[in-house]
Amino acid sequence: MMGEKEAKSPKRKTLEGACREHGLSVTPQRSLIYRIFTASDRHPSATAIYQEVKTVFPNISFDTVNRTLNTFQEIGLAKVVANSGEPKRFDPNLETHHHFHCLSCGKILDFHHSDYDALAVPKTIQERYSVVKTRVHLEGYCDQCTEK
């Protein structure tokens, strides 16, 4: 049974509200996946979350965790970080921000930069497409990998 403290947490209310709005049940598995996901600051992959979830629910499948994370993205509880052929990485930070991705260790860092928030979409793109969001994704080497 879920503790009273967790039932009243803002994260729990956010999960319950989004699930209710989209006709989804708040299962113990979905709750745990959401708790682990939102507690991470590492932009976890489904595999990373699965490794943690299976310590509590040993019979849960990777597919269940992956589908749950994709559902979170579909109902607005998560974003997918742009990637280059790697496993999909998820982001619990729904506020406007950008990413720096280390090409060596794979670390993804959030950063804020108001100039990037205000980037103008090129006219040739505006004429052909309906842009709904812009996000800057920088790639390079983090300070730890540069020192090696």
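Quick caveat, the model's predicted, so the values are computed rather than measured.

Re the overall build of the protein
In terms of helices and strands, the protein carries eight helices and five strands. Listed N to C, the secondary structure of the protein is α-α-α-α-α-β-β-β-β-α-α-β-α in terms of helices and strands. For the protein, buried positions account for 33% of its 148 residues. Sequence separation of 24 or more characterises 48% of the internal contacts of the protein that already satisfy a separation of 6 or more. With an accessible surface of roughly 9,700 Å², the protein has 51% of that area assigned to carbon and sulfur atoms. Seen as two clouds, the 20 positive and the 18 negative side-chain charges of the protein have centres 5 Å apart.

Side note on the environment of Thr68
For Thr68, the position within the fold is in helix H5 (residues 62–74). Thr68 has contacts with Arg30 and Ile33, leaving out every residue within four places of it along the chain.

Some remarks on the layout of surface pockets
Of the pockets and cavities examined, the largest pocket occupies roughly 300 Å³. Only helix H4 (46–53), strand S2 (89–91) and strand S4 (108–111) provide two or more residues apiece to the lining of the largest pocket. Residues belonging to the lining of the largest pocket are distributed by class as follows: eight nonpolar, five polar and seven charged.

A look at a nonpolar patch on the surface
Where nonpolar side chains cluster on the molecular surface, the patch consists of Ile125, Tyr129 and Val131 and spans about 250 Å² of accessible area. Within the secondary structure, Val131 sits in the loop between helix H7 (123–128) and strand S5 (137–140). With relative accessibility at 39%, the residue Val131 sits in the partly exposed group.

Points about the side chain of Lys107
Within the fold, Lys107 resides in the loop between strand S3 (98–102) and S4. We note that Lys107 is buried and unpaired, the nearest opposite charge coming from Asp143 at a distance of 5.1 Å. Among residues more than four places away in sequence, those in contact with Lys107 are Phe100, His101, Cys102, Cys142 and Gln144.

Each value, and the rule that gives it
Residues numbered from 1 in each chain as written. Predicted model: local features only at pLDDT ≥ 70, side-chain atom pairs only at ≥ 80, totals over all residues. Heavy atoms only, no water. Helix = DSSP H or I, 4+ residues; strand = E, 2+ residues; numbered from the N terminus. Buried < 20%, exposed > 50% of the residue type's maximum accessible area, 1.4 Å probe, protein only. Contact = heavy atoms within 4.5 Å. Areas by Shrake-Rupley, 256 points an atom, 1.4 Å probe, with all protein chains shown as cover. Lys, Arg positive; Asp, Glu negative; His and termini not counted. Charge placed at Lys NZ, Arg CZ, Asp CG, Glu CD. 1 Å grid on protein atoms, 1.4 Å probe; cavity = no way out; pocket = protein on both sides within 12 Å on 5 of 7 lines; lining within 4 Å. Points joined across faces, edges and corners; volume = space filled by probe spheres on them. Nonpolar A, V, L, I, M, F, W, Y, C, P; charged D, E, K, R; others polar. Patch = residues over 30% accessible without salt bridge, like charges linked within 9 Å, V, L, I, M, F, W, Y side chains within 5 Å. Salt bridge = Lys/Arg side-chain N within 4 Å of Asp/Glu carboxyl O.

Function cannot be inferred from these measures alone, as they are strictly geometric.
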